[in-house]
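Residues per chain, in single letters:
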Amino acid sequence: MKRILSSRAARLLAALLMTAVVVPPPSLRAQTRLDDDLEGAKARLMELERDFELVVEEYNLVHEDLTSIQVRIGLMDKEVDEIRHRMSRKRTSAVALARELYKAGPSVAIEAVLAAQDLGELEAGLQYLQTSRTQQSQVFERLAADQSLLDDKLVLLERAEADALAKERRLGALREEIEGKVAEQRDEIAELNAAIERIERQRAERLAAAAAAATTAPVDIGEIARRANPSARVAVEAALSQLGKPYQWGAAGPDSYDCSGLTMWAWAHAGVSLPHNSGAQYAATPRVARSDWQPGDLLFFGSPIHHVGMYIGDGQMVEAPYTGSQVRIVSASRTDYVGAGRPGV
């Protein structure tokens, strides 16, 4: 005879069965906690990186602007010197002409006209008078034109020098802000990196497959060479040759780098000039779809853009990440990915 469960007993049995299904075993719960801790540490590290690199990339952009202004000031200084030298020569000519006319005096020319014996001599005397006046007029007209040009150049030079001074002051303020952030974030970044290493080590002990995904795989330069064009290969090999060198804000090699400094330095070895700013590098390169990534492509991150790495193949990129770290190879997959660009196209 079948035993019929009461409704209360049936509900209790169902609850027990559901509990048995949804409650993970202790090992899985521990793995989940490790995953959560790891993602939390990485998210905080990315938050600090964004806060820091936004200021660093502004510093790099202002520094590039200042360099451009200083080059322009140098060219204008040269132009001003040339104009002044030309005016000096013309003044010398004007003085010589004035002396010559003074010595001759107007009476000499008039007497030459009055003493003319025929029409030819009369025309010669009149031509002498006209030529003297024309020469004198031309000399002073040219001097006046040069003076006007000089005045315009001096106005532009004064504005450029004021702009340069403003940029220098902005750089000073940014430098202080960056150094403040370095001092403020150094300990936390070190703790986060240590936590990430510890968690990944624990994960490796629990799950070998996860460890393989979390650590850097060896890079096959030969494989990169087969897939990259010659210029990109040079850039990739240059970037990889800097692995282990320290991150330093505002640096572009050869001893240390920030993110855009590394990509600029590496592509310069392939004969391609890039600005020292991740946002400016994004603007200077044509867009590439994620499905078309090739070794050497630049991958941009953040809104506004504040980080860049170089794709090297197999879902990995080389980057100069943040203060306290070194040039390294990491996964190219980030939640704040913005787009990719291909230099030299």
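Residues numbered from 1 in each chain as written. Predicted model: local features only at pLDDT ≥ 70, side-chain atom pairs only at ≥ 80, totals over all residues. Heavy atoms only, no water.

### Details of the pattern of salt bridges
Throughout the structure, instances matching the rule amount to nine salt bridges. Asp336 is paired through a salt bridge with Arg334; the nearest N and O atoms lie 2.8 Å apart. Across the pair, exposure class does not vary: Asp336 and Arg334 are buried alike. (Salt bridge = Lys/Arg side-chain N within 4 Å of Asp/Glu carboxyl O. Buried < 20%, exposed > 50% of the residue type's maximum accessible area, 1.4 Å probe, protein only.)

### What to know about the sheet that holds strand β3 (residues 307-313)
Strand pairing in a sheet takes place through backbone hydrogen bonds and is either antiparallel or parallel in direction. Overall, antiparallel pairing links the six strands, which are arranged β1-β6-β2-β3-β4-β5 in an open sheet. Because the sheet does not close on itself, it has two edges, and the strands there are β1 (287-288) and β5 (328-331). Here helix α7 (residues 259-268) sits on the sheet in contact with β2 (298-301), β3 and β4 (316-319), set at roughly 45° to β3. (Pairing = 2+ DSSP bridges. Helix = DSSP H or I, 4+ residues; strand = E, 2+ residues; numbered from the N terminus. Contact = heavy atoms within 4.5 Å. Axes fitted to C-alpha atoms, helices over the stretch in contact; angles between N-to-C directions.)

### Focus on a negative patch on the surface
Where like charges cluster on the molecular surface, the negative patch consists of Asp77, Asp81, Glu82, Glu158 and Glu161. Of all the secondary structure elements, the ones that give two or more residues to the negative patch are α2 (26-114) and α3 (119-206). By residue number, the principal contributor to the negative patch is α2, which donates three residues. Residue position: Glu161 is located in helix α3. (Patch = residues over 30% accessible without salt bridge, like charges linked within 9 Å, V, L, I, M, F, W, Y side chains within 5 Å. Areas by Shrake-Rupley, 256 points an atom, 1.4 Å probe, with all protein chains shown as cover. Lys, Arg positive; Asp, Glu negative; His and termini not counted. Charge placed at Lys NZ, Arg CZ, Asp CG, Glu CD.)

### Looking at unusual backbone geometry
Backbone torsion omega between Gly253 and Pro254 reads 0°, so that peptide bond is classified as cis. Summarising the element assignment, Pro254 is placed in the loop between α6 (230-240) and α7. Omega for the peptide link from Ser303 to Pro304 comes to 0°, which places this bond in the cis form. With respect to the element layout, Pro304 can be found in the loop between β2 and β3.

### Details of α6
Owing to its 3.6 residues per turn, the α-helix aligns residues three or four sequence positions apart on the same side. Considered for burial, the residues of α6 that qualify are Ala232, Ala235, Val236, Ala238, Ala239 and Leu240. One side-chain oxygen at the N-terminal end of α6 lies 3.1 Å from the backbone nitrogen of Ser231; it belongs to Asn229. (Polar contact = N/O pair within 3.5 Å; in protein donor to acceptor, adjacent residues only side chain to side chain.)

### Details of the pairing of β3
Within β3, seven of the seven residues are buried, which leaves the element mostly enclosed by the surrounding structure. Bridging between β2 and β3 involves four bridges; their strand directions are antiparallel. Considered in β3, the bridge of Leu298 is made with Met310. Counting the residues in the hairpin turn of β2 and β3 gives five residues, including Gly302, whose phi is positive at 95°. Where β3 lies against β4, three bridges are found, and the strand directions are antiparallel.

### Some thoughts on empty space enclosed by the protein
Per the counting criterion, the structure on display carries one cavity of 30 Å³ or more. Of the volumes computed, that of the largest cavity is approximately 30 Å³. Taken together, Asn229, Ala232, Trp267, Gln294, Pro295, Gly296, Asp297 and Arg342 make up the lining of the largest cavity. Its residues assigned to classes, the lining of the largest cavity comprises three nonpolar, three polar and two charged. (1 Å grid on protein atoms, 1.4 Å probe; cavity = no way out; pocket = protein on both sides within 12 Å on 5 of 7 lines; lining within 4 Å. Points joined across faces, edges and corners; volume = space filled by probe spheres on them. Nonpolar A, V, L, I, M, F, W, Y, C, P; charged D, E, K, R; others polar.)

### A word on the pairing of β4
Here β4 shows no split at all, with Gln316 and Val318 on one side and Met317 and Glu319 on the other all buried. Linkage of β3 to β4, two consecutive antiparallel strands, is achieved through a turn of two residues, within which Asp314 is found at a positive phi near 55°. In this structure, β4 lies alongside β5, joined through four bridges in antiparallel fashion. Within β5, the residue paired with Val318 across the bridge is Ile329.

### Description of the environment of Met264
By secondary structure assignment, the location of Met264 is in helix α7. Taking C-alpha positions, Met264 is 5.3 Å from Leu274, a pair spaced 10 residues apart along the chain. Excluding its chain neighbours within four sequence positions, the residues that come into contact with Met264 are Glu64, Ala252, Leu274, Pro275, His276 and Gln281.

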